[in-house]
Amino acid sequence: MQKKLVTIIFQTTSSCNLKCGYCYCRSNEDNTSRLSVDTVGKCVQRIADFFDDDYEICFLFHGGEPLLLGKRFYKDAFQFLKQRMEHKYYIGIQTNLVLLDDEFIELFRENCCSISASLDGYQPFNDLYRKYHSGQGTYVDVTLNMRLLQERGIQYGIVSVINCQNVRSPREFYCFTKEHPNVLFGLSPMFLKENENVIAPYPDQLGSFLIALFDFWIADPTPPRISLFEEIIRNLVEGNRSTVCTFHHDCSEVFFAIDGDGNVYPCCHFVGRGELCYGNLLRSSFYDVYNSDRRRSISERTIRSNNPCQTCEFFEMCFSGCMATSENGINSKDYFCNAYKMIFSHAKNYMEKSLRRMP
């Protein structure tokens, strides 16, 4: 029997050495809690006590910028995981990569820590919003460190935010993905409707981009790995068994974010929002956190009888989409609903035509 994967996101700090225009972390260097090894240890112990051998656990260190916590923190945290976790687990880190050096590389290699970096395409697309506090773009430094990883034989993934510029250039973006063979790409549409300084893509605009990108991808004899498209094809063939949070039938069952004070939230987008806190792992068991009224309420968001998404033909491919990009509170549908309908329908039509052409 296939084991269930649970993702525990440790929100290491909300501080960052960059100032990206679209970032949802909105705190300064002097006003933020930092995750301690002691907090990691107490939380890991309670997590290990709750989940049995039917589960595998991914511990993802996130931020802000997680590398700001330094090498000693990760040496100690990784050592603690080795000592306390009896069933299978994975370690990952989501980083802007600019602080990477040889010591970090060896530390991650020794502990089989997967690396996911942020890069939004070629330099004009990336540097539009991904900047240092000085205003300088990050593209040159990030790509240099990616080459360093390649030279050391270290696998990494890339998360690309789809912004108001790269969404207009699917061909250029596809060429960018082709320059990173064997790299898994995650696509994250920009969503900050309340921020007047950034222009997020409209749903129809995102849908057109995804369709064009899909057509390049599906026609390519050696396509890059784009997780969204792999997920869509798998879901069309096998039914939804998504491990991606955006389309999971109940992300609250298998995704949890923990801040530096031990508070538990649905994911990193909601850290700091007290009304969505499940509880505190420094004071409560994971059983109590998991069975809290808040988590149960979120778990039921897609199955409530008044959910209009249930009549949609693609409901069981996305289950109302992502709470963090919902239109009017967590119980409403994803802001990018129409974009996903467009790409689901396009991929479904492609699959049906392909089956009809088969002898």
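Above this text you will find the structure in question.
First, a word on scope: everything that follows refers to the structure included in this document. (Residues numbered from 1 in each chain as written. Predicted model: local features only at pLDDT ≥ 70, side-chain atom pairs only at ≥ 80, totals over all residues. Heavy atoms only, no water.)

Turning to a negative patch on the surface, a few remarks are in order. The grouping of Asp52, Asp53, Asp54 and Glu86 at the surface amounts to a negative patch. The topology assignment puts Asp52 in the loop between helix H1 (37-50) and strand E2 (55-62). (Patch = residues over 30% accessible without salt bridge, like charges linked within 9 Å, V, L, I, M, F, W, Y side chains within 5 Å. Areas by Shrake-Rupley, 256 points an atom, 1.4 Å probe, with all protein chains shown as cover. Salt bridge = Lys/Arg side-chain N within 4 Å of Asp/Glu carboxyl O. Lys, Arg positive; Asp, Glu negative; His and termini not counted. Charge placed at Lys NZ, Arg CZ, Asp CG, Glu CD. Helix = DSSP H or I, 4+ residues; strand = E, 2+ residues; numbered from the N terminus.)

To continue, consider the packing of aromatic side chains. In total, this model carries 37 aromatic pairs according to the counting rule given. Judged by centre distance (6.3 Å) and plane angle (25 degrees), the ring pair of Tyr340 and Phe344 falls under stacked. Of this pair, Tyr340 and Phe344 both sit in helix H13 (residues 337-357), four residues apart, roughly one helical turn. The exposure class of Tyr340 is buried, given its relative accessible area of 8%. (Phe/Tyr/Trp six-rings, centres within 6.5 Å; stacked < 30°, edge-to-face > 60°. Buried < 20%, exposed > 50% of the residue type's maximum accessible area, 1.4 Å probe, protein only.)

Direction of pairing for strand E5 (residues 156-162) relative to strand E6 (residues 184-189): parallel, over a ladder of five bridges. Following the sheet pairing, Val159 is matched in E6 by Gly186. Read as a crossover between parallel neighbours, the route from E5 over helix H6 (residues 170-178) to E6 is right-handed. With two bridges joining them, E6 and strand E7 (residues 225-226) adopt parallel strand pairing. For Phe185, the partnering residue across the bridge sits in E7 and is Ile226. (Pairing = 2+ DSSP bridges. Right-handed = clockwise from strand over helix to strand, strands pointing away.)

Another aspect to go through is the pattern of salt bridges. Per the counting criterion, the structure on display carries ten salt bridges. Here Asp102 ties to Arg152 by a salt bridge, and the two come within 3.0 Å at their closest N and O atoms. One end of the pair, Asp102, is in helix H3 (residues 102-110); the other, Arg152, is in the loop between helix H5 (139-151) and E5, with 50 residues separating them in the sequence. Taking relative accessible area as the criterion, Asp102 reaches 41% and is therefore assigned partly exposed. Using a relative accessible area of 30% as the deciding quantity, one classes Arg152 as partly exposed.

Before going further, it helps to spend a moment on the packing of helix H8 (residues 227-238) against H13. The N-to-C vectors of H8 and H13 enclose an angle of 60 degrees; their axes lie 10 Å apart at closest approach. When the interaxial angle is binned, H8 and H13 end up oblique. The two elements H8 and H13 cross, and the hand of that crossing is right-handed. Residue-level inspection shows Phe229, Ile232, Ile233, Leu236 and Val237 of H8 in contact with H13, the latter providing Ile343, Phe344, Ala347, Lys348 and Met351. (Axes fitted to C-alpha atoms, helices over the stretch in contact; angles between N-to-C directions. Parallel < 35°, antiparallel > 145°, perpendicular 65-115°, else oblique. Left-handed = near helix turned anticlockwise from the far one by under 90°. Contact = heavy atoms within 4.5 Å.)

Read across the open sheet, the ten strands follow the order E7-E6-E5-E4-E3-E2-E1-E8-E9-E10; overall the sheet is mixed. Each of the sheet's edge strands pairs with one partner strand only, and the pair in question is E7 and strand E10 (279-280). Contacting strand E1 (4-11), E2 and strand E8 (255-258), H1 crosses the sheet at an angle of about 160 degrees to E1.

Topologically, Pro266 is positioned in the loop between strand E9 (263-265) and E10. Looking at Pro266, the relative accessible area reads 5%, which means it is buried. A C-alpha to C-alpha distance of 9.2 Å links Pro266 and Met323, two positions 57 residues apart in sequence. The residues touching Pro266, leaving out its near neighbours within four places in the chain, are Phe255, Phe256, Ala257, Leu276, Tyr278, Ile298 and Met323.

Mapping Cys318 onto the fold places it in helix H12 (residues 315-318). Taking the relative accessible area as the measure of exposure, Cys318 reaches 15% and is therefore buried. Placed 110 residues apart in sequence, Cys318 and Ser208 show a C-alpha to C-alpha distance of 18 Å. The contact partners of Cys318, leaving out residues within four places of it in the chain, are Asn240, Thr246, Phe247 and Phe344.

Turning to unusual backbone geometry, a few remarks are in order. For residues that are not glycine, phi is negative in most cases, and the peptide bond is trans in most cases. Residue Gly63 is joined to Gly64 through a cis peptide bond whose omega torsion reads 25 degrees. Here Gly64 is to be found in the loop between E2 and helix H2 (70-84). A positive phi angle, near 50 degrees, is found at Cys112, a position not held by glycine. In this structure, Cys112 sits in the loop between H3 and strand E4 (113-118). Given the relative accessible area of 66%, Cys112 is considered exposed. Despite not being glycine, Asn182 shows a phi value in the positive range, around 65 degrees. Looking at the element boundaries, Asn182 is found in the loop between H6 and E6.

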